[in-house]
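# Fold and contact review
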Amino acid sequence: MIYDLSIPISSGIPTYPGDPKIEIQDWRSLSKGDGVNVSVLRFGAHTGTHVDAPAHFIEGATKSEFLPLDILIGDAVVIEVPAELNSISLGFVRANWKRESKRVLFRTRNSSLWKTSGATFEQSYAYLELEAARYLVEHGVRLVGIDYLSIEQFGTEGHPTHIELLSKAVVIVEGLNLGGVPAGRYELICLPLRIADGPGDGAPARAVLRTLDH
């Protein structure tokens, strides 16, 4: 079975405060007598389901174009976080991640926000605490994903969780929709757009999980 974790990009989804708004317009249109349909897309690199590269916060670090495919594709574990938890703590990670995979996706109450919040950005989303991120880094995790537009608590100064992960070459995947995905082990395929120009801070991605053959 294949689960599509990607948020459909439209003007009706939230964007992180301060990021560009989403604009999708006709450039050429069959309905207006043109020979083809051609669209103009305008949105930020961190729109919807997207990947954060180390260059997002670290000057001179790896750009999204050069993220290793062997990190973006491979076995992954989905861990269910109870809806009553506002954050993913060190204690929770120790109790629930059994080191069975180097790619960890956290399914939180955030996944329900994609259905209920419309285009409104919810500041009280569940997030990964710094000490939990540090523990994952220390034990060799290569990719961490979460089901809202940031892995870090909203308004945190200095972005320590991002920097802890990205400075150790851990790829961050944000904006996943894990609603309906049971906890367990899968194959992850997460391919960001290969954008060569610009700072290389990140890129929108199509992300899917495929059930493992037993």
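Anything mentioned here points back to the structure above.
Residues numbered from 1 in each chain as written. Predicted model: local features only at pLDDT ≥ 70, side-chain atom pairs only at ≥ 80, totals over all residues. Heavy atoms only, no water.

This paragraph deals with the pattern of salt bridges. Inspection of every chain in the model, using the stated rule, returns nine salt bridges. A salt bridge links aspartate 4 to arginine 206; the nearest nitrogen and oxygen atoms lie 2.6 Å apart. Of this pair, aspartate 4 sits in strand E1 (residues 2-4) while arginine 206 sits in strand E12 (residues 202-211), and the two are 202 residues apart along the sequence. Residue aspartate 4 is classed as partly exposed on the basis of its relative accessible area, which comes to 39%. Among the ionic pairs, glutamate 131 bridges to arginine 134, the shortest N-O distance being 2.5 Å. Of the two residues, glutamate 131 and arginine 134 both sit in helix H4 (residues 130-138), three residues apart, roughly one turn of that helix. (Salt bridge = Lys/Arg side-chain N within 4 Å of Asp/Glu carboxyl O. Helix = DSSP H or I, 4+ residues; strand = E, 2+ residues; numbered from the N terminus. Buried < 20%, exposed > 50% of the residue type's maximum accessible area, 1.4 Å probe, protein only.)

Let us look at the packing of aromatic side chains. The final tally for this structure, using the stated rule, is nine aromatic pairs. For the pair tyrosine 3 and tyrosine 186, a centre-to-centre distance of 5.9 Å together with 90 degrees between the ring planes defines the contact as edge-to-face. Separated by 183 residues along the polypeptide, tyrosine 3 in strand E1 and tyrosine 186 in strand E11 (residues 184-192) bring together distant segments of the chain. Residue tyrosine 3 shares its accessibility class with tyrosine 186, and that shared class is buried. Aromatic rings pair up to connect Tyr16, Trp114, Phe121, Tyr125, Tyr148 and Phe154 into one cluster. (Phe/Tyr/Trp six-rings, centres within 6.5 Å; stacked < 30°, edge-to-face > 60°.)

Below, the discussion takes up unusual backbone geometry. Unlike most non-glycine residues, histidine 159 shows phi in positive territory, near 50 degrees. Mapped onto the elements of the fold, histidine 159 is located in the loop between strand E9 (143-146) and helix H5 (160-166). In this structure histidine 159 comes out as partly exposed when scored by relative accessible area, which is 34%.

Glancing now at H4. Of the positions making up H4, those classed as buried are Ala132, Ala133, Tyr135, Leu136 and Val137. Against the buried residues of H4 lie strand E6 (87-88), helix H2 (90-96), strand E7 (103-107), strand E8 (127-128), E9 and H5. Of the residues trailing H4, glycine 140 is marked for its positive phi of about 85 degrees. (Contact = heavy atoms within 4.5 Å.)

So, on to the side chain of serine 64. Counting through the fold element by element, serine 64 comes out in the loop between strand E4 (50-52) and helix H1 (69-72). Not counting residues up to four positions away in its chain, the partners in contact with serine 64 are Ala53, Ile195, Gly200, Gly202 and Ala203.

Further remarks concern the layout of surface pockets. Looking at the largest pocket, its volume works out to about 220 Å³. If you go around the largest pocket, you meet 16 residues; those closest to its centre are Tyr16, His56, Phe57, Ser150 and His162. The residue makeup of the lining of the largest pocket, split by class, is three nonpolar, nine polar and four charged. (1 Å grid on protein atoms, 1.4 Å probe; cavity = no way out; pocket = protein on both sides within 12 Å on 5 of 7 lines; lining within 4 Å. Points joined across faces, edges and corners; volume = space filled by probe spheres on them. Nonpolar A, V, L, I, M, F, W, Y, C, P; charged D, E, K, R; others polar.)

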